Amino acid sequence: FSLRIIPGWNRIKHFWIVWKVPIVLGSVLVIAWQFRGPALKLISKWRAGSAVESAEEFAESGRWNAAEKEARRALQLDRSRVDALRVLLEASLQNRNADTLRLAVSVFTHPDSTVDDKAKTLELLLLSQDVIGFRRVQSMLSLEQMREPDIVLQTTRFLSMQGEHD
């Protein structure tokens, strides 16, 4: 049995051969388009991790401007990176930037911040004598966090500083 006896078979065969590549390519592009969001997020997270590693290396070698630049790049790629915020805060401290306290509060309020991050923020607010900022971020601490030794130390320093000004 041969398909050549079907009327128009050559046209059907020609149509399938000519349009097979565009149809398959179009299908692949449609599928790829559907997965572009997750793929772009994955690539951004990978690039942000690489930028954080570079920023940490620059910070360890004392190249604070380069560390700040890489940390900012990491945050542009993935805003959820607390490690990038930490490096940016340290570089900001070393470079004596005006936005140091704002960055410290950003690290403090980050969901992945540690008790050490919170204590460092309180210490910076204390050193800058920002009483309102200190009280504002201190009020965000939980009872368990308030009992941590580093937090107790900063709170004690704050209270003793208040006693000196009264």
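Here goes a summary of the coordinates provided. (Residues numbered from 1 in each chain as written. Predicted model: local features only at pLDDT ≥ 70, side-chain atom pairs only at ≥ 80, totals over all residues. Heavy atoms only, no water.)

### With respect to the layout of surface pockets
So the rule is basically this: Any residue with an atom within 4 Å of a point lines the site, the site being either a cavity, points on a 1 Å grid over the protein atoms alone where a 1.4 Å probe fits but cannot get out, or a pocket, an open set with protein on both sides within 12 Å along at least 5 of 7 lines. Grid points are joined across faces, edges and corners, and a volume is the space filled by probe spheres set on the points. Here a helix means four or more residues in a row that DSSP labels H or I, a strand means two or more in a row labelled E, and each is numbered from the N terminus. Note on residue classes: Ala, Val, Leu, Ile, Met, Phe, Trp, Tyr, Cys and Pro are nonpolar, Asp, Glu, Lys and Arg are charged, and everything else, Gly too, is polar.
In this structure, the largest pocket occupies an estimated 170 Å³ of space. Lining the largest pocket are Arg 72, Leu 75, Gln 76, Arg 79, Leu 85, Leu 88, Arg 102, Leu 103 and Ser 106. Contributing elements (two or more residues each) for the lining of the largest pocket: α3 (64-77), α4 (82-95) and α5 (100-109). Residue composition of the lining of the largest pocket, grouped by class: four nonpolar, two polar and three charged.

### What about the environment of Leu 88?
Under the convention used in this document: Type-normalised accessible area, obtained with a 1.4 Å probe on protein chains alone, sets the label of each residue: buried when under 20%, exposed when over 50%, and partly exposed for intermediate values.
Residue position: Leu 88 is located in helix α4. For Leu 88, a relative accessible area of 2% puts it in the buried group. Through-space distance from the C-alpha of Leu 88 to that of Trp 64 is 9.0 Å; in sequence the pair is 24 residues apart.

### Quick word on a negative patch on the surface
We apply this condition: Patch membership is restricted to residues that have no salt bridge and whose relative accessible area is over 30%. Joining uses 9 Å for like charges and 5 Å for the nonpolar side chains Val, Leu, Ile, Met, Phe, Trp and Tyr. All accessible-area figures derive from a Shrake-Rupley calculation using a 1.4 Å probe, and residue coverage is judged against the displayed protein chains alone. The term salt bridge refers to a side-chain nitrogen of Lys or Arg lying within 4 Å of a carboxyl oxygen of Asp or Glu. Think of it this way: Lys and Arg go in the positive column, Asp and Glu in the negative one, and His and the chain ends go nowhere. Think of each charge as sitting on NZ of Lys, CZ of Arg, CG of Asp or CD of Glu.
A contiguous patch of negative charge on the surface is contributed by Glu 53, Glu 56, Glu 57 and Glu 60. Here Glu 56 falls in the partly exposed class, since its relative accessible area comes to 33%.

### Quick notes on the pattern of salt bridges
The tally for this structure, following the rule as stated, stands at eight salt bridges. Arg 72 is paired through a salt bridge with Asp 99; the nearest N and O atoms lie 3.3 Å apart. Residue Arg 72 is located in helix α3, and its partner Asp 99 is located in the loop between α4 and α5; the two are separated by 27 residues in the primary sequence. By relative accessible area, which is 18% here, Asp 99 ends up buried. One salt bridge in this structure joins Glu 90 and Lys 120, with 2.6 Å as the shortest N-O distance. Of the two residues, Glu 90 sits in helix α4 while Lys 120 sits in helix α6 (residues 115-127), which places them 30 residues apart along the sequence. Exposure remark for Lys 120: the relative accessible area of 29% places this residue in the partly exposed category. When salt bridges that share partners are traced, they join Glu 68, Arg 72, Asp 99 and Arg 102 into one network.

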